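Each chain, letter by letter, is given below.
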Amino acid sequence: MNITVLGAGAWGTALAHHLADRHSTLLWARNPALVEQLTHDKHNQTYLPGVPLASRLRYEADLLASLEHAAAEDALCIIATPVAGLRALCKVMRELNCIPTHLIWLCKGFEVASRCLPHQVMAAELGAHRSCGALSGPSFAREVAQGLPVALTIASQSVACRDAAVRALHHAAMRIYTADDVIGVEVGGAVKNVLAIAAGISDGLELGLNARAALITRGLAEMTRLGVALGARAETFMGLAGLGDLILTATGDLSRNRTVGLQLATGRPLADILATLGHIAEGVRCAPEILALAQAQAVEMPVTQAVCSVLFDGCAPRAAAYALLQREAKVETSLAGV
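Every value quoted in this text rests on a predicted model; they were computed, and no experiment measured them.

Caption draft 1: Molecular detail of the overall build of the chain. A tally of helices and strands in the chain yields 15 helices and eight strands. Over its C-alpha atoms the chain spans a radius of gyration of 20 Å, differing by no more than 12% from the 20 Å that the globule rule assigns to 338 residues. The dimensions of the chain, computed from C-alpha atoms along their principal axes, are 60 × 40 × 35 Å. Taking all 338 residues of the chain together, the buried fraction comes to 54%. Across the chain, contacts joining residues at least 24 apart in sequence account for 72% of those joining residues at least 6 apart. Summing over all exposed atoms, the chain offers an accessible surface of approximately 14,200 Å²; the carbon and sulfur share of this is 53%. The averaged location of the 29 negative side-chain charges in the chain is 2 Å from the averaged location of its 27 positive side-chain charges.

In structure tokens:
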């Protein structure tokens, strides 16, 4: 297959590296200097240092040429930009009048201000694209680039899109599962980042493994409540894009959002943490959007609310944890009955 990956961050680079072993793969970067460095060094020193990239992988700074590479009926275009850059990229694609047949995106989160999920941004800018979907699941870019095992979910209403993603990605150490609950997969990918900040705070405060397990479990419950309110199916959150991604992001040391939580627990200012992180922490960006959306839907999300109080309201991490413990006793509703 001809495959184009739009976005040369850590995840886009890692996925392009995986694809290049089997397919004609082009990695597009907005910055010509980065393209020159990638072409010369065969390493992404900025976002994925120390990982040699596939010799067959090609690099391009021309967006139109990159889109044309994935224009055929049996080709695939993968959008690997953050949520914040998705709308602008879609507008340029429309202006260039070059929209690939099959489109999938990797970004996780809600768009700031609009509170749109990625599929809603895509629909607003590109119309009712007949073959598009979200690729999500527990996946650290570095491990994928190293060829370690990983399992992901492609969620799409289009059978053709799901089939194209499987043909492209399901080989070597990568397994691809298919689903049609796009909302559920996207909500899981967004909310788990906020919950990972909570888990990082808990671990940073040395509240123990019991506390971490409780946060993950109750976090999964509030993730499911929001997803169901937005039209998702509850069972989706027990899969790779829900529970799977939550476990990885809340416990893995490569998690940027968990790192934010760990650093907050030490009393370090958020601005300082983000300035030295080197990568985007989507949980910080979309936490207030998730909370506002939950309030609009009358969905209770106490863990998310506690994270927002630490991030934006000056609440001390230990005080936020204590406030959660002081909540009234509840009946534990089964996830299937949310």
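Caption draft 2: Representation of the pairing of strand 1 (residues 2-6) in the model. Within strand 1, four of the five residues are buried, which leaves it mostly tucked inside the rest of the structure. Where strand 1 meets strand 2 (residues 24-28), five bridges bridge the pair, whose relative direction is parallel. Bridge assignment links I3 to a residue of strand 2, and that residue is T25. For the segment spanning strand 1, helix 1 (residues 10-20) and strand 2, crossover handedness is right-handed. The sheet contact formed by strand 1 and strand 4 (residues 76-79) spans four bridges and is parallel. Following the sheet pairing, L6 is matched in strand 4 by I79.

Caption draft 3: Broad picture of empty space enclosed by the protein. Counted by the stated rule, this structure contains one cavity of 30 Å³ or more. Volume-wise, the largest cavity comes out at about 40 Å³.

Caption draft 4: Quick look at the nonpolar core. Residues F110, V191, L226, V260, L264, I290 and L311 are the most contacted members of the largest nonpolar core, which totals 44 residues. Contributions of two or more residues to this core are made by helix 8 (182-204), helix 9 (209-229), helix 10 (240-251), helix 11 (256-265), helix 12 (270-277), helix 13 (282-296) and helix 14 (302-312). For this core, the element with the highest residue contribution is helix 8, accounting for nine residues. In contact with L264, not counting residues within four places along its chain, are I197, I201, L270, I273, V310, L311 and P317. Among the nonpolar cores identified, the runner-up in size contains 39 residues, and L15, V35, I104 and A168 belong to it.

Caption draft 5: Broad picture of the packing of helix 8 against helix 10. Remark: helix 8 packs on helix 10, axes separated minimally by 8 Å, with the N-to-C direction vectors making an angle of 25°. On the basis of their axis angle, the class for helix 8 and helix 10 is roughly parallel. Crossing handedness for the pair helix 8 and helix 10: right-handed. Between helix 8 and helix 10, the residues in contact are V185, G188, G189, K192, N193, L195, A196 and A199 and A241, D245, L246, T249 and A250, respectively. Of the residues belonging to the contact of helix 8 with helix 10, the class tally is seven nonpolar, four polar and two charged.

How each quantity is defined
Residues numbered from 1 in each chain as written. Predicted model: local features only at pLDDT ≥ 70, side-chain atom pairs only at ≥ 80, totals over all residues. Heavy atoms only, no water. Helix = DSSP H or I, 4+ residues; strand = E, 2+ residues; numbered from the N terminus. Rg over C-alpha atoms; globule rule 2.2 N^0.38 Å. Buried < 20%, exposed > 50% of the residue type's maximum accessible area, 1.4 Å probe, protein only. Contact = heavy atoms within 4.5 Å. Areas by Shrake-Rupley, 256 points an atom, 1.4 Å probe, with all protein chains shown as cover. Lys, Arg positive; Asp, Glu negative; His and termini not counted. Charge placed at Lys NZ, Arg CZ, Asp CG, Glu CD. Pairing = 2+ DSSP bridges. Right-handed = clockwise from strand over helix to strand, strands pointing away. 1 Å grid on protein atoms, 1.4 Å probe; cavity = no way out; pocket = protein on both sides within 12 Å on 5 of 7 lines; lining within 4 Å. Points joined across faces, edges and corners; volume = space filled by probe spheres on them. Core = buried A, V, L, I, M, F, W, Y, C linked by side-chain atoms within 4.5 Å. Axes fitted to C-alpha atoms, helices over the stretch in contact; angles between N-to-C directions. Parallel < 35°, antiparallel > 145°, perpendicular 65-115°, else oblique. Left-handed = near helix turned anticlockwise from the far one by under 90°. Nonpolar A, V, L, I, M, F, W, Y, C, P; charged D, E, K, R; others polar.

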